[in-house]
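# An overview of the molecular structure
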Amino acid sequence: STSCGDDKKRRVCYYYDAGIASADYGEHHVMVPKRVTMAHNLVSAYGLLGHMRRLRTAPATESDLAAFHDAGYLALLRSGAGDADRGVDAAGERGGGGFDDNPAFDGLWDYCLRYAGGSLAAARALAGDSSDIAINWSGGMHHACAGKASGFCYVNDIVLAIRALLGRFRRVLYVDVDVHHGDGVEAAFAGSSRVMTVSFHQHGDNFFPESGELKIVGKGQDERCAVVNVPLKKGFGDEEYHQLFEPIMGRVMEVFDPEAVVMQCGADSLDGDRLGSLKLTLNGHAQCVSFLRSFNRPLLLLGGGGYTINHVASCWCNETAVAIGKDIPNDIPKHGFDQFYQNHGYRLHYTLSQGDKNKKNAKYVDVHKPSIDKLKQQVLENLSKLKL
Ligand code: ZLV
Ligand code: CA
Ligand code: ZN
């Protein structure tokens, strides 16, 4: 049903650590780690676990994290991040209503070790050539910096995983379909010609983190760095997205010719997300996965954002099926988390009611075709100028 992939099977390995579900950002926080457990329960209910190798769940060690993060920052994280009122972002920024993007909470350190451990185990499975595709839906925390938490992310499991892949593969491509700009990963590799980072994201009206405008940064002295950003307007749906994603990623695969691909599958680019204002359907989102999968390079699939949690679970379950190359029925099998899908008639592929859309009226703006073509041309032109 999802186009652009192929029916050839892949050796898929899958990481899930039940310990992640107990992480709790706080009652009013939009980030809900339990959505990964919901996704896992769907994957299990659909009988997908039998088609994958399960990776051993071993938390990362502090020395694993020290490959990217500053020792002082790690000590702060491990100590329980000090003052719970301030959280662990160095700036101590707090939003309106006492909301803190990066709160300190019980079990935070354990949570970091577990989600990073998953991405590292997955990267090592690809580097050791025991799998073609490796999955960790609890990873994908793309905003974390070496010495500071940002945007709900404390430890950057993606940077750690890419570093692990670089031990085996010459060039690694990073592709980020989360609705937010993948700034932490971009910054970590901006000077490297062995890692190209590509992020598609909503941009404008001070949308977090505000970076990632259209241009290819030729930073490093030698201009060999490879950064591609595709800023999108509110309201972009499947059609607009794929007028950009496929031509751009097709060209990226040609010019960069990566030996491995890391994909951050943030589900906040889906229609009806609580933070994002793009309008991808489950199929539109999954088409990004099947398109990249069709190039047949070792592929690491990670989670990321996603704030309407039943949509997130449906999305990552569907993409697990895409990875395996198996079609799954739209009717959700009976399982422990049934009630979360009741509003969509117990269907995986949800459609939003007019009521849902009216609530977010401002999010449904007209998109202009000519501006999409122009954006595509600009990105492709930038790509042709890259010195790799
Ligand atoms: O999905 O915010 O806008 C990967 C990911 O990419 C901000 N944070 C910060 C920067 C200045 N503000 C101030 C702090 C937040 C203000 C209040 C919220 C309140 C309630 C619910 C959500 C938010 C919120 N916070 C929405 N967007 C933010 C962003 C961080 C987004 C991180 C996306 C993470 C996992
Ligand atoms: Ca992105
Ligand atoms: Zn996001």
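Each remark here, short or long, concerns the structure printed above.
Fair warning: this is a prediction, and the values are worked out from it, not measured in the lab.

Reading the values: the criteria
- Residues numbered from 1 in each chain as written.
- Chains lettered and ligands numbered in written order.
- Predicted model: local features only at pLDDT ≥ 70, side-chain atom pairs only at ≥ 80, totals over all residues.
- Heavy atoms only, no water.
- Pairing = 2+ DSSP bridges.
- Helix = DSSP H or I, 4+ residues; strand = E, 2+ residues; numbered from the N terminus.
- Contact = heavy atoms within 4.5 Å.
- Axes fitted to C-alpha atoms, helices over the stretch in contact; angles between N-to-C directions.
- Salt bridge = Lys/Arg side-chain N within 4 Å of Asp/Glu carboxyl O.
- Buried < 20%, exposed > 50% of the residue type's maximum accessible area, 1.4 Å probe, protein only.
- Parallel < 35°, antiparallel > 145°, perpendicular 65-115°, else oblique.
- Left-handed = near helix turned anticlockwise from the far one by under 90°.
- Nonpolar A, V, L, I, M, F, W, Y, C, P; charged D, E, K, R; others polar.
- Donors = N, O, S within 2.8 Å, 3.2 Å for Na, K, Ca; no water.
- Tetrahedral: all angles 85-135°; square planar, octahedral: opposite > 155°, others 65-115°.

Looking now at the sheet that holds strand E4 (residues 172-176). Pairing in this open sheet of 8 strands is parallel, and the strands run E2-E1-E3-E8-E7-E4-E5-E6 from one edge to the other. A strand with exactly one partner marks an edge of an open sheet, and here the two such strands are strand E2 (53-54) and strand E6 (226-232). With 4 bridges connecting them, strand E3 (residues 133-136) and strand E8 (residues 299-302) associate as parallel partners. Counterpart to Ala-134 in the pairing with E8 is Leu-300. In the packing of helix H8 (residues 282-293) onto the sheet, the strands contacted are E3, E4, strand E7 (260-264) and E8, and the crossing angle to E7 comes to about 175°. Sitting on the sheet, helix H9 (residues 309-324) touches strand E1 (12-15), E3 and E8, and the angle it makes with E3 is about 165°.

Now for the pattern of salt bridges. Overall, the coordinates contain 11 salt bridges when judged by the stated rule. For Asp-132, the salt bridge goes to Arg-11, with nearest N and O atoms at 3.0 Å. Residue Asp-132 is located in the loop between helix H4 (108-127) and E3, and its partner Arg-11 is located in the segment before E1; the two are separated by 121 residues in the primary sequence. Its relative accessible area of 24% is what places Asp-132 among the partly exposed residues. One salt bridge connects Arg-171 with Asp-257, and the closest N-O pair in it is separated by 3.8 Å. On the criterion of sequence distance, the pair formed by Arg-171 in the loop between helix H5 (157-166) and E4 and Asp-257 in the loop between helix H7 (238-256) and E7 is long-range, its members being 86 residues apart. For Asp-257, a relative accessible area of 37% puts it in the partly exposed group. Through salt bridges with shared partners, one network takes in Arg-11, Asp-129 and Asp-132.

In this section: the packing of H4 against H5. Relative orientation and spacing of two packed helices are given, respectively, by the angle between their axes and the distance between those axes. Their axes nearest at 9 Å, the elements H4 and H5 cross at an angle of 20°. Comparing their axes, H5 and H4 come out roughly parallel. Both H4 and H5 take part in a crossing whose hand is right-handed. Between H4 and H5, the contacting residues are Tyr-115, Ala-116, Ser-119, Leu-120, Ala-123, Leu-126 and Ala-127 on the first element and Asp-157, Leu-160, Ala-161, Ala-164 and Leu-165 on the second. Considering only residue class, the contact of H4 with H5 consists of 10 nonpolar, 1 polar and 1 charged.

So, on to the coordination of the calcium ion (ligand 2). Around the calcium ion (ligand 2), the protein contributes the donor atoms Asp-176 (O), Asp-176 (OD), Asp-178 (O), His-180 (O), Ser-199 (OG) and Phe-200 (O), at 2.5 to 3.0 Å from the metal centre. Metal-centred angles of 70 to 165° between the 6 donor atoms at the calcium ion (ligand 2) mark the site as irregular. For the calcium ion (ligand 2), all donor residues lie on one chain, and their spacing in sequence is D-x1-D-x1-H-x18-S-F. Of this pair, Asp-176 sits in strand E4 while Ser-199 sits in strand E5 (residues 195-202), and the two are 23 residues apart along the sequence. The two residues Asp-176 and Ser-199 agree in class, both being buried.

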